[in-house]
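Structural overview for review
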Amino acid sequence: MKIIEACQGKAIELKAGNSLKLINIHGSQVVDLWAWSGSNLNEYLSLEATRVWSQRLNPQLGDTLVTNMRNPILTIVQDTSPGIHDSFMACCDLPRYHRLGVKGYHRNCFDNMLESVSELGYEVPNPTLASLNVFMNIAVLDDGISLATRPVETKAGDYTTFRAEMDCIVSLSSCPQDIVKIQSDVENKPREVGYEILDQDFSNFAIKSTWVPEYSLD
Ligand SMILES: [Zn+2]
């Protein structure tokens, strides 16, 4: 297992068919995830297009994540966590911390994403605040429209595995948020997380979509 230190980011190049296992070592940590086509960084993971594809608020085990060009890029093929992930909330960035009262610099997921991709020798042409927030617990309340920000419910050692559906670059950020109570650490302290590239063949996982054409042009 490789380690992403607390408050740091890491970008990883995957070939189609590779799987990336993301391990919540302490069980308390939110991890922000972005993905781009390996051959064209103008094509990237789109949560809004993923919601159209899956007809779900947030992705679950077996769901495929798609790009802004509507192509499958990642599929969730393992998930030992309670399956609570968030696709609503913008990643943290420096303006967010300044709004929260921080003076000066504070590490943040947006910069972690940019820095991690540049370490691979690439530049993100259209950086977006829209990350998949793995393990993040944003509850939809009973009125169906209000959201509540809650601590992670994952246990130590829980993991979620993503299979690459195309050659791609994935960026992971061990979220540095230590003001808003999103980590389940008692001190809301950001912690390290782990990852592995698996040899295991998840080819039994067929891509599924509940997509059906809503309108006929006939
Ligand atoms: Zn963050």
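Structure: see above.
Small disclaimer: the values here were computed from a predicted structure and weren't measured.

Within the protein chain, the secondary structure is distributed over three helices and 13 strands. Taking 17 Å as the expected radius of gyration for a compact globule of 218 residues, we find that the protein chain reaches 17 Å, a close match to that expectation. Taken along its principal axes, the extent of the C-alpha atoms in the protein chain is 60 × 45 × 35 Å. Expressed as a percentage of the 218 residues in the protein chain, the buried residues total 48%. In the protein chain, 76% of the contacts between residues at least 6 apart in sequence involve partners at least 24 apart. In the structure as shown, the protein chain presents an accessible area of about 10,500 Å², 50% of it carried by carbon and sulfur atoms.

Attention now goes to the state of the cysteines. For the structure shown, the criterion picks out zero disulfides. With no disulfide of its own, Cys7 has Cys175 as its nearest cysteine by sulfur position, at a separation of 8.1 Å.

So, about the pairing of strand E11 (residues 158-164). Across the seven residues that make up E11, a large majority, six, are buried. Across six bridges, strand E3 (residues 19-24) lies against E11 in antiparallel orientation. Residue pairing in the sheet places Lys21 in a bridge with Thr161 of E11. As paired elements, strand E7 (residues 72-79) and E11 share five bridges and run antiparallel to each other.

Enumeration over the complete set of coordinates arrives at zero aromatic pairs. Just above the ring of Tyr159 sits the side chain of Lys21; from NZ or CZ to the centre is 4.0 Å.

Let us now look at the sheet that holds E3. The six strands lie next to each other as E1-E13-E3-E11-E7-E6, forming an open sheet whose pairing is antiparallel. The open sheet has two edge strands, strand E1 (2-4) and strand E6 (64-66), and neither has a second partner. Direction aside, neighbouring strands of the sheet carry axes that sit 30 degrees apart on average.

Turning our attention to the nonpolar core. Residues Leu33, Leu74, Val170 and Leu172 are the most contacted members of the largest nonpolar core, which totals 45 residues. Beyond its immediate chain neighbours, meaning those up to four positions away, Leu74 contacts Leu33, Ala35, Asp63, Thr64, Leu65, Phe162, Arg163, Ala164, Glu165, Cys168 and Val170.

Residues of helix H3 (residues 109-119) that are buried: Cys109, Phe110, Asp111, Asn112, Met113, Ser116 and Val117. Considering only its buried residues, H3 is in contact with strand E2 (9-14), strand E4 (31-37), strand E5 (40-44) and strand E12 (168-174). Measuring from the backbone nitrogen of Phe110 back to the side-chain oxygen at the start of H3 gives 3.3 Å, which picks out Asn108 as the cap. Phi turns positive one or two residues past the end of H3, at Gly121, with a value near 95 degrees.

For the rest of this paragraph, the subject is the coordination of the zinc ion. Looking at the metal site, the zinc ion is ligated by Cys92 (SG), Cys109 (SG) and Cys175 (SG), spaced 2.2 Å from it. Donor residues for the zinc ion sit on one chain with the sequence pattern C-x16-C-x65-C. In this pair, Cys109 is assigned in helix H3 and Cys175 in the loop between E12 and strand E13 (193-198), connecting sequence segments 66 residues apart. Among the residues examined, Cys175 registers a relative accessible area of 3% and is labelled buried.

Nonpolar side chains collect at one region of the surface, where Leu57, Val140 and Leu147 lie side by side and expose about 240 Å² of accessible area between them. With respect to the helices and strands, the residue Leu57 is situated in the loop between helix H1 (47-54) and E6. Here Leu57 falls in the partly exposed class, since its relative accessible area comes to 49%.

Rules and cut-offs
Residues numbered from 1 in each chain as written. Predicted model: local features only at pLDDT ≥ 70, side-chain atom pairs only at ≥ 80, totals over all residues. Heavy atoms only, no water. Helix = DSSP H or I, 4+ residues; strand = E, 2+ residues; numbered from the N terminus. Rg over C-alpha atoms; globule rule 2.2 N^0.38 Å. Buried < 20%, exposed > 50% of the residue type's maximum accessible area, 1.4 Å probe, protein only. Contact = heavy atoms within 4.5 Å. Areas by Shrake-Rupley, 256 points an atom, 1.4 Å probe, with all protein chains shown as cover. Disulfide = S-S within 2.5 Å. Pairing = 2+ DSSP bridges. Phe/Tyr/Trp six-rings, centres within 6.5 Å; stacked < 30°, edge-to-face > 60°. Lys NZ or Arg CZ within 6 Å of the ring centre and 35° of its normal. Axes fitted to C-alpha atoms, helices over the stretch in contact; angles between N-to-C directions. Core = buried A, V, L, I, M, F, W, Y, C linked by side-chain atoms within 4.5 Å. Polar contact = N/O pair within 3.5 Å; in protein donor to acceptor, adjacent residues only side chain to side chain. Donors = N, O, S within 2.8 Å, 3.2 Å for Na, K, Ca; no water. Patch = residues over 30% accessible without salt bridge, like charges linked within 9 Å, V, L, I, M, F, W, Y side chains within 5 Å. Salt bridge = Lys/Arg side-chain N within 4 Å of Asp/Glu carboxyl O.

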